[in-house]
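Residue-level listing of the chains:
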Amino acid sequence: LDAYYQANPLFVLGTYFFIYLASTALSLPGAAVLSLAGGALFGLIAGTLVVSFASTIGATLAMLIARVLLRDWVKNRFASQMTTINSGMIKEGAFYLFTLRLLPAVPFFVINLVMGLTPLRTVTFFWVSQLGMLPGTLVYVNAGSELGKIQTIDDILSPSLIISFVLLGIFPLLVKKILAVIQAKREEKNV
């Protein structure tokens, strides 16, 4: 696959981009595996760029599909999540979406679909999603990039691979702590 990519970089990047975008737009599972594969195949920089834009454009398309075509189904299927998200959007606005994007507490496909029923502007959804998903994208693509470097069994214990997977594990905890500090500061301002 790597040899084919080296011979046909634009075709492979374009095909990968479309597959990632389509799977996100159609709310199919596998984003984590696709992100790891993107890092393994394209490296950290190109992988991050292609994953970041494919995932954000796909998420935006899923949100628009929910808004235009699946409104009633989403409203019935995710009624309890709608209550929580609507109250968060009223209280926090776009920062609430940013927080949801950083914390993997709610599956992204649910966020995409439910946000389609909010009055959030499409442009705002896009740029907040792009920024909010970028740190997680970097962590996953970096781990995939390190996996792509494995040539021997000894490489499995390389410090860079171990650090990458430790980052995957602690990233949600780190984000949660940072968001708690930001939220506390915001509440101090409002008091």
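Residues numbered from 1 in each chain as written. Predicted model: local features only at pLDDT ≥ 70, side-chain atom pairs only at ≥ 80, totals over all residues. Heavy atoms only, no water.

### Let's talk about the overall build of the protein
Thinking step 1. The number of helices and strands found in the protein is nine helices and zero strands.
Thinking step 2. Written out in order from the N terminus, the α and β elements of the protein read α-α-α-α-α-α-α-α-α.
Thinking step 3. Radius of gyration (C-alpha) of the protein: 18 Å, near the 16 Å computed for a compact globule of 191 residues.
Thinking step 4. Its C-alpha atoms give the protein principal-axis dimensions of roughly 55 × 40 × 25 Å.
Thinking step 5. Residue burial in the protein is summarised as follows: out of 191 residues, 39% are buried.
Thinking step 6. When the accessible area of the protein is evaluated, it comes to approximately 10800 Å², of which 72% is carbon and sulfur surface.
Thinking step 7. Computing the positive centroid from 13 side-chain charges and the negative centroid from 8, the protein places the two 15 Å apart. (Helix = DSSP H or I, 4+ residues; strand = E, 2+ residues; numbered from the N terminus. Rg over C-alpha atoms; globule rule 2.2 N^0.38 Å. Buried < 20%, exposed > 50% of the residue type's maximum accessible area, 1.4 Å probe, protein only. Areas by Shrake-Rupley, 256 points an atom, 1.4 Å probe, with all protein chains shown as cover. Lys, Arg positive; Asp, Glu negative; His and termini not counted. Charge placed at Lys NZ, Arg CZ, Asp CG, Glu CD.)

### So, the side chain of threonine 48
Thinking step 1. Along the chain, threonine 48 falls in helix H3 (residues 31-68).
Thinking step 2. In contact with threonine 48, not counting residues within four places along its chain, are Gly43, Leu134, Thr137, Leu138 and Val141. (Contact = heavy atoms within 4.5 Å.)

### A word on the packing of helix H5 (residues 79-92) against helix H6 (residues 94-102)
Thinking step 1. Two elements in contact, H5 and H6, have axes whose closest approach is 6 Å; the angle formed by their N-to-C orientations is 125 degrees. By the criterion of interaxial angle, the relationship of H5 to H6 is oblique. Contacts from Thr84, Ile85, Gly88, Met89 and Glu92 in H5 reach Ala94, Phe95, Tyr96, Leu97 and Leu100 in H6.
Thinking step 2. Here the residues of the contact of H5 with H6 are counted per class, giving seven nonpolar, two polar and one charged. (Axes fitted to C-alpha atoms, helices over the stretch in contact; angles between N-to-C directions. Parallel < 35°, antiparallel > 145°, perpendicular 65-115°, else oblique. Nonpolar A, V, L, I, M, F, W, Y, C, P; charged D, E, K, R; others polar.)

### Some details on the environment of leucine 1
Thinking step 1. Its location among the elements puts leucine 1 in the segment before helix H1 (2-7).
Thinking step 2. C-alpha separation for the pair leucine 1 and methionine 115, spaced 114 residues apart in sequence, amounts to 37 Å.

### What to know about the layout of surface pockets
Thinking step 1. When its volume is computed, the largest pocket comes out at roughly 670 Å³.
Thinking step 2. Of all the secondary structure elements, the ones that give two or more residues to the lining of the largest pocket are helix H2 (9-25), H3, H6, helix H7 (108-115), helix H8 (122-148) and helix H9 (159-190).
Thinking step 3. Here the lining of the largest pocket is built from residues that sort into 19 nonpolar, 10 polar and one charged.
Thinking step 4. Estimates place the volume of the second largest pocket at around 200 Å³. (1 Å grid on protein atoms, 1.4 Å probe; cavity = no way out; pocket = protein on both sides within 12 Å on 5 of 7 lines; lining within 4 Å. Points joined across faces, edges and corners; volume = space filled by probe spheres on them.)

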